Amino acid sequence: MTTAHQEPPLSLYIHIPWCVAKCPYCDFHSLPRPGPLPEVPYVRAVLDDLARNHGILEGRTVESIFLGGGTPSLFSAAAIAEILEGAGRCATLARDCEITLEANPGTLESGRFRAFREAGVTRLSLGVQSLHDPALRALGRIHDARTAQSALEAAAAAGFRSFNVDLMYGLPEQTVAQALADVHGVLSVQPPHLSLYELTVEAHTAFAHKPPPLPAEDTRLAIEDAVTEAAGLAGYERYEVSAYARPGHRCVHNLNYWRFGDYLGLGSGAHSKLTDPAGVSRPVRMADPARYMADEDRVATCRRLSENDILFEFLLNALRLTEGFSEDLLRARTGHDLASLDGLWAQAVKQGLLQREPDRIRTTPLGRRFLDSLLADFLTNIDTVSAKAS
Ligand SMILES: C[S@@+](CC[C@H](N)C(=O)[O-])C[C@H]1O[C@@H](n2cnc3c(N)ncnc32)[C@H](O)[C@@H]1O
Ligand code: SF4
C-alpha cells in the first residue's frame, strides 16, 4: 500500500452561520441572527481567508461551490455576488462550475430568486421539510406550507440550471399518507433533485432534551418505503442514501464529498479536507463568527489523518453511494486495492450487506438500511485488517 497523495477534485464550501431562529432538531453550526447581520465584514473575512489560502488553489480547478449554513439566503444577493466574484478572481473555476445556495423558504421574498441567479448561483437548495402546517410547527420552522409552496413555484420559475428540495420524514405524529402528500406536493413543481432525510434526534439539540412524539418504528419503516417508492415512480434515481435525482441532475458538490474529494471550507466553523504530498489534513475554521472576522489566522484546529482514518472516512462516504466505489477510486484515495481488504468486508458480504464485484463494492438494499452498524464494525476491525494489508 502507498500513501494517498494523488490530488482529487477540489470544491469550495462557504459557511454562513446565521438563521432567523434555531430549529429544535438542528445540530449544524447555526446561530440565531444577532439583529442586523455583519454582512460586509463577514464577506471581507471570507475573501481574505480565500486570498491567504491561494496556494491550496494553485494549479487546481474548482469543480463546485456550495454556500451552506445556517441560512445563506439571509444574505443579500449583492453579498453573494461579491463572494462569487472573489472566488472567480482567486481560483480557476470549472467552465460549468456548479454553484449552490441553501435557502430557507421563510427568507425568500419574491424577486430574490432571480437576484441570486444573477449573482452567479446556478443551483438553489430549498429547505421545505414538509408541506403540512402541524409538522412545520412541530419542527419550529419559520415558514408555513403556503410560503413553502410559493417558494417552490418561484424556484421552478426562476431559471436556475438545477434546484434541490429538502424534505424530512418520520416527523412527529406523521402518518404514511402525510409523508406521501409531502412528496407529491413537492413533485408538483418537478424539482430536478430531491433530498429525503429521516428526522434524526441529534445529541445536544432541543429535541434531545425534550423528545417529540415520533411515529412508531414500523410506521417509520413504512414511511421510508413509501417515500422512496414514490420518488422512484416519479423518475428519480436514488443515487445516495438520501439523494434522488432526475437524469443529469446529481449534485456535483455532494458527489465530491461522497467520492472523498478535496474541499476548502471557508467561513466560521467550516471544515475542510485537503490532500497534499504528506497525506490528508482536516482544518476547521473558528466557530465564533466574531473571532473568525477579527483574527487573521482563522484555523482553530487541524488534524492530520492516519492511514486508517483515511480508509475509514473513505468507506464512510463512498458506501453512501448506490454505485459504491470502484477499485480505481479506492486506490486513488487510500492506496489500497480491493483484494488486500477482503478480510474487512468478508463477513458483510456473507451476510448480504455488501456486494463484492470484480472491480467494485456496493451496499445491497439491506446493507443501506444497516449502514451505521456496518460502518461501526469496520471501525472496530480496521486496525487489524489494514495492518495485514500494508
Ligand atoms: C443545513 S440544513 C440547510 C437548509 C436551511 N438551513 C433550512 O433549514 O432551510 C440542510 C438540511 O438538512 C436536513 N436536516 C437538518 N437537521 C436534520 C435532522 N436532525 N434530521 C434530518 N434531517 C435534518 C434538513 O432537511 C435541512 O434542510
Ligand atoms: S434553518 Fe436550517 S441551519 Fe438554521 S437552525 Fe433550522 S435547520 Fe438548522
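Per chain, residue numbering runs from 1 following the sequence as it is written. Chain letters start at A and ligand numbers start at 1, both assigned in the order the entries are written. Only residues with pLDDT of at least 70 are given local features in this predicted model, and only at 80 or more are side-chain atom pairs given and counted; all residues enter the totals for whole chains, interfaces and linings. Hydrogens and water molecules were not included; the side-chain quantities draw on all heavy atoms of the structure.

Caption draft 1: The arrangement of the packing of aromatic side chains in detail. Only centres within 6.5 Å qualify two rings of Phe, Tyr or Trp (six-membered ring in Trp) as a pair; their planes then separate them into stacked at under 30 degrees, edge-to-face at over 60, and tilted for everything else. Enumeration according to the criterion identifies 11 aromatic pairs in this entry. Both rings, one in Trp18 and one in Tyr42, keep their centres 5.0 Å apart while their planes meet at 70 degrees; by these two values the pair is edge-to-face. In this pair, Trp18 sits in strand β2 (residues 18–19) while Tyr42 sits in helix α1 (residues 39–52), placing the two residues 24 residues apart along the sequence. In this structure, Trp18 and Tyr42 share a single accessibility class: buried. Ring-pair connections join several aromatic residues into one group, and the members of that group are Trp18, Tyr42, Phe75 and Tyr292. Counting as a charge over the ring demands two things of the Lys NZ or Arg CZ atom: a distance within 6 Å of the ring centre and an angle within 35 degrees of the ring normal. The cationic tip of Lys273 hangs over the ring face of Phe260; the distance from NZ or CZ to the ring centre is 4.0 Å. The ring centre of Tyr292 lies 5.4 Å from the NZ or CZ of Arg298, which sits over that ring. The numbering of helices and of strands both runs from the N terminus, where a helix is a DSSP run of H or I of at least 4 residues and a strand a run of E of at least 2. Burial classification: accessible surface area is computed with a 1.4 Å probe over protein chains only, and a residue below 20% of its type maximum counts as buried, one above 50% as exposed, and the rest as partly exposed.

Caption draft 2: Structural context of the site of ligand 2. In the neighbourhood of ligand 2, the contacting residues comprise Cys19, Ala21, Lys22, Cys23, Tyr25, Cys26, Ser30, Gly70, Thr71, Asn104 and Arg141. Its residues assigned to classes, the shell around ligand 2 shows five nonpolar, four polar and two charged. Throughout, near means a residue has at least one heavy atom within 4 Å of the molecule or strand. Throughout, the ten residues Ala, Val, Leu, Ile, Met, Phe, Trp, Tyr, Cys and Pro are labelled nonpolar, Asp, Glu, Lys and Arg are labelled charged, and all others, Gly among them, are labelled polar.

Caption draft 3: Local environment of the site of ligand 1. For ligand 1, the set of nearby residues contains 18 residues, the closest of which are Gly70, Gln129, Arg141, Asp166 and Thr200. Throughout this description, a polar contact denotes any pair of N or O atoms lying within 3.5 Å of each other; where both atoms belong to protein, one of them has to be capable of donating a hydrogen while the other can accept it, and for residues adjacent in sequence the pair is counted only when both atoms sit in side chains. In the environment of ligand 1, a nitrogen atom lies 3.1 Å from a nitrogen or oxygen atom belonging to the backbone of Tyr25. Here an oxygen atom of ligand 1 sits 2.7 Å away from a polar atom, N or O, in the side chain of Gln129. Elements supplying a minimum of two residues to the shell around ligand 1: β5 (92–103), β6 (123–129), β7 (162–169) and β8 (193–198). A per-class count over the shell around ligand 1 returns six nonpolar, seven polar and five charged.

Caption draft 4: Just the domain arrangement of the chain, in detail. Bear in mind that the domain bounds are from an automatic or database domain assignment. Taken domain by domain, the chain consists of domain 1 (10–256) and domain 2 (307–390). In this structure, domain 1 and domain 2 have C-alpha centres spaced 29 Å apart. Contacts between residues were defined by any pair of non-hydrogen atoms, one from each residue, lying within 4.5 Å. On the side of domain 2, seven residues touch domain 1, which itself brings 10 residues to the contact. Values labelled buried area give the accessible surface lost by two parts on being combined, using a 1.4 Å probe and summing over both. For the pairing of domain 1 and domain 2, the buried interface totals around 770 Å² over both sides, and the portion due to carbon and sulfur atoms is 43%. Here, a salt bridge means any Lys or Arg side-chain nitrogen found within 4 Å of an Asp or Glu carboxyl oxygen. On the surface where domain 1 and domain 2 come into contact, there are four salt bridges. Salt-bridge contacts for Arg250 lead to Glu323; the nearest nitrogen and oxygen are separated by 3.5 Å. Where domain 1 packs against domain 2, one counts five residue pairs in polar contact (both at pLDDT 80 or more). For the side of domain 1 that touches domain 2, the element with the most residues is helix α9 (residues 217–233), which contributes three residues.

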